[in-house]
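Structure assessment
Each chain, letter by letter, is given below.
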Amino acid sequence: MIRVCVVGAAGKMGREIVRTLAREKDFVLVGACDVQEVGQDAGVLSGVGPLGVLIQDDLERVLGGSAPQVVCDFTHAEALRKNFPVFVKHRVAMVIGTTGLTQDEIQSMRQVVESERLGCVIAPNFAIGAVLMMYFARIAAPFFQAAEIIEYHHPQKKDAPSGTALKTIEGMDSGHFLTPEGQELVAGARGGMYRGVRVHSIRLPGFVAHQEVIFGGEGQILTLRHDSLSRSSFMPGVLLALRKVCEAPQFYYGLESILGLG
Ligand code: NAD
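Keep in mind it's a predicted model, so treat the numbers as computed, not measured. (Residues numbered from 1 in each chain as written. Predicted model: local features only at pLDDT ≥ 70, side-chain atom pairs only at ≥ 80, totals over all residues. Heavy atoms only, no water.)

**Digging into the sheet that holds strand β6 (residues 120–122)**
- Sheet architecture is open: seven strands sit in the order β3-β2-β1-β4-β5-β6-β12, paired in parallel fashion. The open sheet has two edge strands with one neighbour each: β3 (55–56) and β12 (251–253).
- Pairing analysis gives three bridges linking strand β5 (residues 93–96) to β6, with the strands arranged parallel. In the sheet register, V95 faces β6, and the bridge partner there is V121.
- Along the sheet face, helix α1 (residues 12–23) touches β1 (2–7), β2 (27–33) and β4 (70–73) and points at about 160 degrees away from the line of β1. (Pairing = 2+ DSSP bridges. Helix = DSSP H or I, 4+ residues; strand = E, 2+ residues; numbered from the N terminus. Contact = heavy atoms within 4.5 Å. Axes fitted to C-alpha atoms, helices over the stretch in contact; angles between N-to-C directions.)

**Brief notes about the UniProt feature "active site" (unreviewed entry) in the chain**
- Within this numbering scheme, the UniProt entry marks H153 and K157 as carrying the feature "active site" (unreviewed entry). Considering only the annotated residues already named, the ones lining the largest cavity are H153.
- Mapped onto the fold, H153 is located in strand β7 (residues 146–153).
- Judged by its relative accessible area of 9%, H153 falls in the buried class.
- Filtering out sequence-adjacent residues up to four positions away, H153 remains in contact with S162, I202, R203, L204, F207, V208, A209 and H210.
- Take K157: it is sitting in the loop between β7 and α7 (163–171).
- Apart from residues no more than four positions distant in its own chain, K157 is found in contact with T99, S162 and R203. (UniProt positions renumbered as here; feature names shortened; annotations may be inferred. 1 Å grid on protein atoms, 1.4 Å probe; cavity = no way out; pocket = protein on both sides within 12 Å on 5 of 7 lines; lining within 4 Å. Buried < 20%, exposed > 50% of the residue type's maximum accessible area, 1.4 Å probe, protein only.)

**Looking at the layout of surface pockets**
- Volume-wise, the largest pocket comes out at about 1,100 Å³.
- Forming the walls of the largest pocket are 42 residues, and the residues nearest its centre are M13, F74, T75, H76 and T98.
- Of all the secondary-structure elements, those providing two or more residues to the lining of the largest pocket are α1 and α4 (77–89).
- With six residues, the single largest contributor to the lining of the largest pocket is α4.
- When its residues are assigned to classes, the lining of the largest pocket shows 16 nonpolar, 17 polar and nine charged. (Points joined across faces, edges and corners; volume = space filled by probe spheres on them. Nonpolar A, V, L, I, M, F, W, Y, C, P; charged D, E, K, R; others polar.)

**Notes on the site of the ligand**
- The ligand sits among 22 residues. The nearest are M13, D34, Q36, T99 and F126.
- Within the backbone of P124, a nitrogen or oxygen atom sits 3.1 Å from a nitrogen atom of the ligand.
- With respect to the ligand, the backbone of F126 contributes an N or O atom lying 2.8 Å from an oxygen atom.
- Among the detected pockets, the ligand sits in the largest pocket. (Near = heavy atom within 4 Å. Polar contact = N/O pair within 3.5 Å; in protein donor to acceptor, adjacent residues only side chain to side chain. Sits in = over half its atoms within 2 Å of the grid points.)

**A closer look at the domain arrangement of the chain**
- When its domains are assigned, the chain resolves into domain 1 (2–122 + 232–259) and domain 2 (128–228).
- Just the C-alpha atoms count here: the centres of domain 1 and domain 2 sit 28 Å apart.
- Each partner contributes to the interface: domain 1 provides 14 residues, whereas domain 2 provides 11 residues.
- Three residues stand out in domain 1 for area buried against domain 2, namely K12, T99 and E256, and they jointly supply 31% of the buried area on that side.
- Scanning the region where domain 1 abuts domain 2 turns up two salt bridges.
- The partner of K158 in a salt bridge is E78, and the shortest N-O contact between them spans 3.8 Å.
- The interface formed by domain 1 and domain 2 holds six residue pairs in polar contact (both at pLDDT 80 or more) in total.
- Classifying every residue of the side of domain 1 that touches domain 2 by side-chain character gives five nonpolar, six polar and three charged. (Domains from an automatic or database assignment. Buried area = accessible area lost by both parts, 1.4 Å probe. Salt bridge = Lys/Arg side-chain N within 4 Å of Asp/Glu carboxyl O.)

Put into structure tokens, the structure is as follows:
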């Protein structure tokens, strides 16, 4: 049995993870941390009934008291910045889905994980279809003159553009892209620019997590689209990462490094 502590257990993703772990035979939820719903049973909160694991807000005490093998952090970037040194201090493996960290921050986390010989998966998107979309975008990029991304999320999402949009662009060879600079009659109408790719972030009720990568070429358009229709879309990837980081502890960035997509 893999002993898991969910950090952000009262959040939308945290509750989905608690629900998912309760169905799996090789996992046991031993700890639940959040700054909301403190004292609530994490199982009751996620709709699976009492699990006997109460939500606590003191991460040190949760880790000290529950001795998990692996923590699963789906909080917010500012919380993760404080949680990460605590995870390292307790020498626990990490699966991190929290987005909003800079590349420099991810690099310094990698250095700490490697020098401490810990296990850590950081993935901006745990949906396998989204990871394949990023992979296909990487293959397509050299064959087109330009690309733009439209990403769609629920309005509570704190960061824009999404971690997935940034990671998609980082994986693409975009140095040769043409970036037409028309006059913006409304500021921001052409979206934000990252490494030569325009990115447009839509935040509307009804969306979960969706992205289109649109490539333009001579007389043709290629559109890659992925839709996460519910948070359950992330769960197979989260389970895969939890198992992998316990089996072969090292630093992994992106689910593709676990799926063997490079
Ligand atoms: P949410 O706001 O519903 O949940 C976040 C939870 O973290 C809240 O319950 C909040 O109280 C809690 N929290 C805040 N500070 C904390 C702290 N210091 N210690 C413990 N808990 C704390 O958000 P969500 O939709 O569940 O998303 C959570 C994160 O996961 C976001 O960064 C989001 O972008 C990311 N996300 C990643 C993926 C992925 O596949 N990697 C998918 C969906 C969401």
